[in-house]
Amino acid sequence: MKNSIEKKILNEKNLIHFIKNKDPKKKLVQGHGVFDLLHIGHINYLKEAKSKGSILIVTITADKYVNKGIGRPFFDEQTRAETLAALQCVNYVFINKSLTAEDIIKKIKPNFYVKGLDYNLKEKDNNLLLEKKAVQSIKGRLIFTSSSLQSSSSLLNN
């Protein structure tokens, strides 16, 4: 029998079932990232993302697509998913098996797709541009959090 954390980690079949049966009155929020070394910046980002709607689904980048340097991700995708699922503000976690979040945004169809403040400060980010187009195609809204900037990479490198 699955424990409460395992129940929050969705596979493709469970994700599709959830989306088909979601109460249309509930606002769906999606956050996406690597979440390698969970820190206070991530927690603030996730709490702010959750405040935008009723249900927060966090999609994480699969190990093979993490491009943060040698030895990264530090924690494997299952460990990262379980860590996020343990947080009260996170309703569901899904391991994204694609290079970008573009396709999973189109499947989930969130009302709000939330990125951290650091993404709003980047001049050009090709993945973010693809994500923005995907959000616009499903008539969702891209939102950037206002929480303080932190970096797993900086913490791990130091």
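You'll find the structure just up there.
Residues numbered from 1 in each chain as written. Predicted model: local features only at pLDDT ≥ 70, side-chain atom pairs only at ≥ 80, totals over all residues. Heavy atoms only, no water.

## Things to note about helix α7 (residues 126–137)
Heads up, the condition is: In this text, helices come from DSSP runs of H or I with a minimum length of four residues, and strands from runs of E with a minimum of two, each type numbered from the N-terminal end. In a helix, the anticipated span is given by 1.5 Å times the number of residues less one. Type-normalised accessible area, obtained with a 1.4 Å probe on protein chains alone, sets the label of each residue: buried when under 20%, exposed when over 50%, and partly exposed for intermediate values. Directions pointing from the helix axis toward each C-beta atom define the arc.
Helix length check: α7, at 12 residues, gives a terminal C-alpha distance of 17 Å against a target of 16 Å (1.5 Å per residue), a fit within 8%. All of the buried residues in α7 are L128, E131, A134 and V135. Along the axis of α7, the buried residues cluster in a sector spanning 120°; they form a single face. Opposite the packed face of α7, turned more than 90 degrees from it, sit the exposed residues N126 and K133. Looking one or two places after α7, you find K139, whose phi comes out positive at around 60°.

## Points about the environment of V29
Locating V29 in the fold gives a position in strand β2 (residues 28–33). Exposure remark for V29: the relative accessible area of 0% places this residue in the buried category. Placed 85 residues apart in sequence, V29 and V114 show a C-alpha to C-alpha distance of 7.1 Å.

## Section: the environment of S51
Rules: By the criterion applied in these results, polar contacts are pairs of N or O atoms within 3.5 Å in which, for protein atoms, one can donate a hydrogen and the other can accept it, and in which residues neighboring in sequence qualify only through two side-chain atoms.
By the element assignment, S51 lies in the loop between α3 (40–50) and β3 (55–61). Classification of S51 as exposed rests on a relative accessible area of 56%. Remark: the alpha-carbon pair of S51 and V29, spanning 22 residues in sequence, is separated by 9.0 Å. Within the structure, the side chain of S51 is placed 2.6 Å from the backbone oxygen of E48, a separation counted as a polar contact.

## Section: the pattern of salt bridges
Let me state the cut-off plainly: Counted as salt bridges are all cases of a side-chain nitrogen of Lys or Arg within 4 Å of a carboxyl oxygen of Asp or Glu.
Here the structure, examined in full by the defined rule, presents 6 salt bridges. For D36, the salt bridge is made with R72, and the minimal N-O distance between the two is 2.6 Å. Placement of the pair is D36 in the loop between β2 and α3 and R72 in the loop between β3 and α4 (77–85), with a sequence separation of 36 residues. Neither residue differs from the other here; D36 and R72 are each classed as buried.

## With respect to α3
Of the positions making up α3, those classed as buried are G41, H42, Y45, L46, E48 and A49. In an axial view of α3, the angular spread of the buried residues amounts to 165°, which keeps them on one side of the axis.

## Describing the packing of aromatic side chains
Put simply, the rule is: Note on aromatic pairs: the rings of Phe, Tyr and Trp (six-membered ring only in Trp) are paired at centre separations within 6.5 Å, and the planes decide the class, stacked below 30 degrees, edge-to-face beyond 60, tilted for the rest.
Evaluated as defined, the whole model comprises 3 aromatic pairs. Between F74 and F75, the aromatic rings sit 5.0 Å apart at their centres with planes inclined by 80°, giving edge-to-face as the arrangement. Residue classification places F74 among the exposed residues on the basis of a relative accessible area of 53%. Its relative accessible area of 31% is what places F75 among the partly exposed residues.

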